[in-house]
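This is what each chain is made of:
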Amino acid sequence: MNMRWTIGVGLLAGFGLCWAIPHYEWLDPYVQLVLMYLGINIILTASLNLVNGYMGEFSVGHAGFMAVGAYVASILTVLVFPEEGSAYYFPLAIMGGGLGAAATGLIVSIPSFRARGDYLAIVTLAFNMIVKSVLENLEVVGGPRGFMGMEQLTTLPWVYVWVVITIWILRNLVYSKYGRGMAAIREDEIVCDLCGVHTRRVKISAFLVSAFFAGVAGGLYAHLLQFINPRMFDILKSTEVLIMLYLGGMASLGGSMIGATIYTVVMEVLRAQGGFRMVLMPLLLIFLMLFRPRGIFGLKEFSWLIPWRDLLLMRQLRTRKEVPRASAEG
Amino acid sequence: MIYFLQQTLNALQLGSIYALIALGYTMVYGILLMINFAHGDLFMVGAFLAFALATFLGWSFVPTLLAAMIALAVLGVVIERLAYKPLRHAPKMSAVITALGVGIFLEHLMLAFNPYPRHMPELMPVHIWTFGQFSISSLQVLIIGLSVSLMVVLDWVVMKTKLGLAMRAISWNIKIVPLMGVPVNRVISATFAMGAALGAAAGTLYSMAYPVIDPYMGVMVGWKAFIAAVIGGIGNIRGAVLGGFILAGVEIGVAAVLPTTFRDFISFGLLLILLVVRPHGLLGKPRVEKI
C-alpha cells in the first residue's frame, strides 16, 4: 500500500512540474516542444505495444489510427465546437478523435480473426494506405493540401495527463483477465481458443483500445503542429513507432517509455548531423537488435507499473514459497 | 478496344517489374519465414547503380544490367551475413525490425549522397512500332520479355537444380535439413543473392521505363511488390508472379477509369477483401499448426 502513495505523490509532483515548466518558462520552448513530442510518442508506442507486444500480432499501420484521430479531433475543434472557450472543448475533441480511431480499429480487428501473422501485417499496412488515400481524396478536409485552422491547444500539462491516463489504463488492462487473454493469444492462439478464451472478443478489445490511444496521440499531435496533411501519417510514421516499440522492448510498458524517450532524444541530438541523422539512427537500431534482440527492456517491467497483487505473486513465485490462494485472487 | 490493348500492355510492363521484386520477397520468406523489408530499397540501389554506370561510365544496356545485378547480389549477401544471420535464432520480429532498419539506412545513405531526383539516360535507342492506332515500343517488349525469361530461369533453378531442391527442402523444415548434409548457410546466401539480383534487374528496367529516380522510390514500389507477393501467397514463387500481374492490372485498370488518386484506395481495398476471403493468398497453402 505504501507504493500507492508514492506513485500518487509522484504523479501529482509530475503534473505540478509540467504545469510549472511552461508557466514560469523554466525550459526554453524548444525543449518543451521536444517534451511534448516525447509524450505523444510514449502514447503511440505504449498503445502499439498492446497489439504487437502483449498480443503478439504484427500491426504496421499505427499511423492510420493516428491519422483518423488527428483529423476527427481537428474537425471537431475547427468546424463543430464554438470558437470561444475552445480550450474547454479540447479534451472532448481529443476523446472524439480517440473514439473515431477506435471505430476504425473495430473494422481492422475483423480481418484479424482469420488472417494472422504476416497476413495481418498486410491488412494493417493496407489499412494505413487506404486511410491516407481516402484523406487525400476528401476535399472537405483539404485533400492532399492538408487541414489547418486549429489553435495550439496541446500543452505540456495536457500531454502529461494523457500519458498518465494511457499508461494507467493500459497497465490495468494488461493485468486484467483480458490482458491474460492477450498474452495467451501471443503464446499460442489455438490452444488458448481451446482453453475457452473468447479470442475474438479479446482481439476486438485490444484493437479498440490500441486504436483509441493512437487517435488520442493523433489529436494531440494535430493541435501541437496546428497543421496536418495525409502524408504525415504514411508508412514511414508507422515505421517510426515500430522502431520505438522494438527499441524499448515488447510486452513492457516501461520498455515503451524507454524506447520512445531514447528514440526522441537521439533523433533530436542527431539533428545536428543533418542528412546523416537518418543514416545513423537505423545503424543504432541494427546494432541494438544484434546485441539485444529483445529490445532494451523486453519482457521486463518497472515494479511501479505492476499492480501490487501481481507483484506479490511474482515475489512469492521467485522465492518458491507456496502461493496463498487468497492473496493471489484477493 | 485499342485503348484496352494499350492499357493491357502497360499493365504487363508494370506487372513484370512488380513480379520481379515480389520474387525477392517471396524467396526469402519461403526459406526464412522473414519479411525482408529492405528489399524495396535494394531495388532502389539497383536503379541508382544502373544510373551511375550509364551516366558516369557511359555503359550500354547489357553491361549495365549485368554489373548492377552482380553488385546487388553481393550487397544482398553482405546484408544477410552482417545483419540477418546473427539473428536467425532470435525472436522473429527482431529480424524484421532489423530489415526495416537496413531499409531506412539504405534510403538515407543514398539521400545523404544524392539528395536530388535524377534523370536516367537512355540506355538504348527506342523504336516504336505502330499498327494502326496501337503502338508498342521496343522498351516495353524488352522489359516484358526479359522479366518473363528471368522468371522462367528462376523457376527452372528452383524446380530442377540441386540448389533449388536444397532451397525447397530448407523451406520445408530448416531444422532437419542440415542433418542431411545440406549447407544451409550457403543456400540461404544464394537465395539472398538471387533475390537481390532480380531486384537490381527490376530497378534497371523500372528506371528505363519511368526515368526519374529518387532515393524514396523503393518504398512505395517495394510495398506494392510485397503486397503482390502476399496476394499470390507469400513463399510461393509462381504466386508472386501472378500477384504482380494482378496488382498491376488492377492499378492500371483503376487509373484508366477513375482519377489516379483513387488508385491506391481501390487496389488496397481489393487486397483487404482478398485477405478476408482467402487469408493465405491465391496460391498459398495454409500452414498446418500442431499443438
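Residue numbers restart at each chain and count upward from 1, following the sequence in its written direction. Chain letters and ligand numbers both follow the written order, the letters beginning at A and the numbers at 1. Given that the model is predicted, a residue must reach a pLDDT of at least 70 before its local features are reported, and side-chain atom pairs must reach 80 or more before they are shown or counted; all residues, however, enter totals for whole chains, interfaces and linings. Only heavy atoms go into the side-chain values, all of them from the structure, while hydrogens and water stay out.

1. Structural notes on the nonpolar core
Definition in use: Buried Ala, Val, Leu, Ile, Met, Phe, Trp, Tyr and Cys residues form a nonpolar core when they are joined through side-chain atoms within 4.5 Å. The classification of residues rests on relative accessible area computed with a 1.4 Å probe and restricted to protein chains. Under 20% of the type maximum is buried, over 50% is exposed, and intermediate values are partly exposed. In this description a helix means any DSSP run of H or I spanning at least four residues, a strand means any run of E spanning at least two, and both kinds are numbered starting from the N terminus. Contacts are assigned to residue pairs that have any heavy atoms within 4.5 Å of one another.
Counting residues in hydrophobic clusters, the biggest one holds 201 residues, and the most contacted among them are Phe58(A), Leu125(A), Phe233(A), Phe37(B), Tyr84(B) and Phe226(B). Element by element, the count of residues in this core is highest for helix H7 (residues 184–209) of chain B, at 16 residues. Setting aside residues up to four positions removed in sequence, Phe233(A) forms contacts with Ala63(A), Met66(A), Ala67(A), Ala70(A), Tyr71(A), Asn128(A), Tyr221(A) and Ile228(A).

2. Here's the deal with helix H8 (residues 217–232) of chain B
Residues and elements named next belong to chain B. As a reminder, the rule being used: What a helix should span is 1.5 Å times the count of its residues minus one.
Across its 16 residues, H8 extends 23 Å between first and last C-alpha, which sits within 8% of the 22 Å expected from 1.5 Å per residue. Taking burial as the measure, the 16 residues of H8 include 15 buried ones, the bulk of the element. Positive backbone phi, at 105°, marks Gly-233, one or two positions downstream of H8.

3. Focus: the confidence of the model for chain A
Note the threshold: Scored from 0 to 100, pLDDT records how confident the predictor is in each individual residue.
In the predicted model, chain A carries a mean pLDDT of 87, and 96% of its residues have values of at least 70. Contacts of residues 326–330 of chain A to residues separated by more than four positions or lying in other chains number seven contacts, the stretch itself having pLDDT below 50.

4. Quick word on the pattern of salt bridges
Spelled out, the test is: Throughout this description, the term salt bridge denotes a Lys or Arg side-chain nitrogen within 4 Å of a carboxyl oxygen of Asp or Glu.
One pass over the structure, following the stated rule, counts ten salt bridges over all chains. Here Arg145(A) and Glu139(A) are joined by a salt bridge, their closest N and O atoms 3.6 Å apart. Via salt bridges that share partners, Glu80(B), Arg81(B) and Arg88(B) belong to a single interconnected network.

5. Quick notes on the packing of aromatic side chains
Stated formally: Any two of the Phe, Tyr and Trp rings considered here, Trp counted by its six-membered ring, make a pair once their centres fall within 6.5 Å; the pair's planes then place it as stacked at under 30 degrees, edge-to-face at over 60, or tilted in between.
One pass over the structure, following the stated rule, counts 22 aromatic pairs over all chains. Ring plane angle 75° and centroid distance 6.0 Å describe the contact between Phe90(A) and Trp158(A), whose orientation is recorded as edge-to-face. Here the residue Phe90(A) occupies a position in helix H4 (residues 86–109), and Trp158(A) occupies one in helix H6 (residues 156–174), the gap between them amounting to 68 residues. Residue classification places Phe90(A) among the buried positions, given a relative accessible area of 1%. With a relative accessible area of 28%, Trp158(A) lands in the partly exposed category. Pairwise contacts between aromatic rings join Tyr25(B), Phe37(B), Trp223(B) and Phe226(B) into one cluster.

6. Quick look at empty space enclosed by the protein
Where we set the bar: Definitions used throughout: a 1 Å grid over protein atoms alone; a cavity as a set of points that fits a 1.4 Å probe which cannot get out; a pocket as an open set with protein on both sides within 12 Å along at least five of seven lines; a lining residue as one with an atom within 4 Å of a point. Grid points are joined across faces, edges and corners, and a volume is the space filled by probe spheres set on the points.
Throughout the structure, instances matching the rule amount to two cavities of 30 Å³ or more. Volume-wise, the largest cavity comes out at about 160 Å³. At the level of secondary structure, the elements contributing two or more residues to the lining of the largest cavity comprise helix H10 (235–248) of chain A together with helix H2 (39–56), helix H4 (92–113) and H8 of chain B. Put simply, the second largest cavity is a space of about 40 Å³. Taken together, Val60(A), Ile235(A), Ser238(A), Thr239(A), Leu242(A), Phe37(B), Leu100(B) and Trp223(B) make up the lining of the second largest cavity. Broken down by element, the residue count for the lining of the second largest cavity peaks at four residues, all from H10(A).

7. As for the pairing of strand S2 (residues 128–131) of chain B
Residue and element names in this part refer to chain B. As a reminder, the rule being used: Pairing between two strands is assigned when DSSP locates at least 2 bridges connecting them.
In terms of strand pairing, S2 meets strand S3 (residues 134–137) through four bridges, oriented antiparallel. The residue bridging Ile-128 from the neighbouring strand is Ser-137, located in S3. Count of turn residues in the S2/S3 antiparallel hairpin: two residues, of which Gly-132 carries a positive phi of about 65°.

8. Some thoughts on the environment of Asp41(B)
All names here are of chain B. Here Asp-41 shows up in helix H2. Classification of Asp-41 by relative accessible area gives buried; the value is 3%. For the pair Asp-41 and Ala-225, spaced 184 residues apart in the sequence, the C-alpha separation amounts to 12 Å. With near-sequence residues (within four places) excluded, Asp-41 lies in contact with Gly-103, Leu-106, Glu-107, Gly-218 and Val-219.

9. Some words on the interface of chain A and chain B
When the parts of a complex come together, some accessible area is lost, and that lost area is often taken as the interface size. This is how it is decided: The term buried area denotes the loss of accessible surface (1.4 Å probe radius) that occurs when two parts are joined, taken as the sum for both partners. When residue character is reported, Ala, Val, Leu, Ile, Met, Phe, Trp, Tyr, Cys and Pro are called nonpolar, Asp, Glu, Lys and Arg charged, and the others, Gly included, polar.
Across the boundary between the two partners, chain A contributes 38 residues, which contact 49 residues of chain B. Both sides of the chain A and chain B interface together cover about 3,900 Å² of buried area, and 81% of this is carbon and sulfur. The largest contributions to the chain A side of the interface with chain B come from Asp118(A), Tyr119(A) and Ile122(A), which together make up 17% of the buried area. For the side of chain A that touches chain B, the elements supplying multiple residues, two or more each, are helix H5 (118–137), helix H8 (189–194), H10 and helix H12 (277–291) of chain A. Across the side of chain A that touches chain B, the residue classes break down as 30 nonpolar, four polar and four charged.

10. Details of a nonpolar patch on the surface
Residues and elements named next belong to chain A. The cut-off we apply is this: Surface patches are defined over residues having more than 30% relative accessible area and no salt bridge, joining like charges when they lie within 9 Å and nonpolar side chains (Val, Leu, Ile, Met, Phe, Trp, Tyr) when within 5 Å. Surface accessibility in these figures is a Shrake-Rupley result with a 1.4 Å probe; residues are shielded only by whichever protein chains are displayed.
Together, Phe-15, Leu-17, Trp-19, Tyr-24, Trp-26, Leu-27, Tyr-30, Val-31 and Leu-35 make up a nonpolar patch on the protein surface, roughly 870 Å² of accessible area in all. Residue assignment for the nonpolar patch shows that the elements contributing at least two residues are helix H1 (2–24) and helix H2 (29–54). Per element, the largest residue contribution to the nonpolar patch is four residues, and it comes from H1. For Trp-26, a relative accessible area of 55% translates into the label exposed.

11. Some words on the packing of H8(B) against helix H9 (residues 237–257) of chain B
Each pair of packed helices can be summarised by the angle the axes make with each other and by the distance between the axes. All names here are of chain B. Applied cut-off: As a rule, the C-alpha atoms of each element are fitted with a line to give its axis, helices using only the stretch in contact, and angles between N-to-C directions run from 0 to 180 degrees. Every angle not falling under 35 degrees, over 145, or within 65 to 115 is termed oblique; those three ranges are roughly parallel, roughly antiparallel and roughly perpendicular. Two helices that cross are described as forming a left-handed crossing if the nearer one is turned anticlockwise from the farther one by less than a right angle, and a right-handed crossing if clockwise.
Between H8 and H9, the least distance of the axes is 7 Å, while the angle of their chain directions is 120°. If you check the angle between H8 and H9, you find them oblique. By crossing handedness, the relation of H8 to H9 is classed as right-handed. Every residue of H9 that contacts H8 at Lys-224, Ile-227, Ala-228, Ala-229, Ile-231 and Gly-232 is listed here: Gly-239, Ala-240, Gly-243, Gly-244, Leu-247 and Glu-251.

12. Some remarks on the environment of Gln226(A)
Residues and elements named next belong to chain A. Note the following rule: Polar contacts, as used here, are pairs of N or O atoms within 3.5 Å; protein pairs need one atom able to donate a hydrogen and one able to accept it. Residues neighboring in sequence count only if both atoms are side-chain atoms.
By the secondary structure assignment, Gln-226 is in the loop between helix H9 (199–225) and strand S2 (227–228). Separated by 119 residues in the primary sequence, Gln-226 and Ile-107 have C-alpha atoms spaced 28 Å apart. Within polar-contact distance, the side chain of Gln-226 engages the backbone oxygen of Met-150 at 3.4 Å.

13. Structural notes on the packing of helix H1 (residues 2–32) of chain B against helix H6 (residues 162–172) of chain B
All names here are of chain B. The N-to-C vectors of H1 and H6 enclose an angle of 55°; their axes lie 6 Å apart at closest approach. Comparing their axes, H6 and H1 come out oblique. Of the residues in H6, those in contact with Met-27, Gly-30 and Ile-31 of H1 are Met-167, Ile-170 and Ser-171. Residues of the contact of H1 with H6, tallied by class, amount to four nonpolar, two polar and no charged.

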